[in-house]
Amino acid sequence: SQTIHQWPATLVQPVGSPLSLECTVEGTSNPNLYWYRQAAGRGLQLLFYSVGIGQISSEVPQNLSASRPQDRQFILSSKKLLLSDSGFYLCAWSPDSYEQYFGPGTRLTVT
Amino acid sequence: AQSVTQLDSQVPVFEEAPVELRCNYSSSVSVYLFWYVQYPNQGLQLLLKYLSGSTLVESINGFEAEFNKSQTSFHLRKPSVHISDTAEYFCAVSDEGGYNKLIFGAGTRLAVHP
């Protein structure tokens, strides 16, 4: 069966510091991968998606970037965090369909 | 542009009462529809989906949703809720732009009281 991991689970970072969040998927190959952000009390905002290694599409202009160095690895990064980057970050994967399966999330607090 | 509207941001209900969480979408093409549930500080779990066929779909824990094409709705119902159903519920529709993207509603917080 397929599983999706995210780490770290929680993170507290000062403004201006770098960020790296990692997501890995097991038990499947060539999945579509997605990064979402969920601000407090709000819905999900799609940040990036990837249909293959090295292929990244950005949905909204922002202070973040994404990379997919391996088939089942998806990384969310920032060079300098802003206060507005705080939120709950969710990674999801999808087989060749519209069903998406979510990881446990990373709670990021920028102070 | 496509959108998903969840008409109620919060729904309080007593245990064992019925509940309906409303979802409407806008799309000019055939769609796939989903309901996800999120418990506090956790990721989203797929609750049920409509891809094709019967317009009434059911989950293993007693929820059901009905696809109504004429009203562009996909409301979620449960005849008798439990305390453990307290969570955030998100409706989602397939994005016409492809790449298996989904468009999510803002969510409905279901609070079940004893």
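Here the structure is a predicted model, which means the values were calculated and not measured. (Residues numbered from 1 in each chain as written. Chains lettered and ligands numbered in written order. Predicted model: local features only at pLDDT ≥ 70, side-chain atom pairs only at ≥ 80, totals over all residues. Heavy atoms only, no water.)

Moving on: the overall build of chain A. Each helix and strand in chain A was counted, giving 0 helices and 11 strands. Ordered by position from the N terminus, the helices and strands of chain A form the series β-β-β-β-β-β-β-β-β-β-β. Compactness check: chain A gives a C-alpha radius of gyration of 13 Å against a globular reference of 13 Å for 111 residues, within 12% of the reference. Judged by the C-alpha coordinates and their principal axes, chain A covers about 40 × 25 × 20 Å. The buried share among the 111 residues of chain A stands at 49%. For chain A, the exposed surface amounts to about 5,200 Å²; the carbon and sulfur share of it is 52%. (Helix = DSSP H or I, 4+ residues; strand = E, 2+ residues; numbered from the N terminus. Rg over C-alpha atoms; globule rule 2.2 N^0.38 Å. Buried < 20%, exposed > 50% of the residue type's maximum accessible area, 1.4 Å probe, protein only. Areas by Shrake-Rupley, 256 points an atom, 1.4 Å probe, with all protein chains shown as cover.)

Now for the state of the cysteines. Evaluated as defined, the whole model comprises 2 disulfides over all chains. One disulfide in the model links Cys23(A) with Cys91(A); its S-S distance is 2.0 Å. Since a negative S-S torsion denotes a left-handed disulfide, the Cys23(A)-Cys91(A) link at about -75 degrees is left-handed. Within this pair, whereas Cys23(A) is found in strand S3 (residues 19-26), its partner Cys91(A) is found in strand S9 (residues 87-94), the two being separated by 68 residues in sequence. A sulfur-sulfur separation of 1.9 Å characterises the disulfide bridge that pairs Cys23(B) with Cys91(B). Taking the sign of the torsion about the S-S bond as the criterion, the disulfide between Cys23(B) and Cys91(B), at about -65 degrees, is left-handed. Placement of Cys23(B) in the loop between strand S3 (19-21) and strand S4 (24-26) and of Cys91(B) in strand S10 (residues 87-94) is noted, with a sequence separation of 68 residues between them. Both residues of the pair, Cys23(B) and Cys91(B), count as buried. (Disulfide = S-S within 2.5 Å.)

This part takes up the environment of Gln10(B). Relative to the helices and strands, Gln10(B) is located in strand S2 (residues 10-14). For the pair Gln10(B) and Leu110(B), spaced 100 residues apart in sequence, the C-alpha separation works out to 6.0 Å.

The values reported here are purely geometric and, on their own, carry no functional implication.
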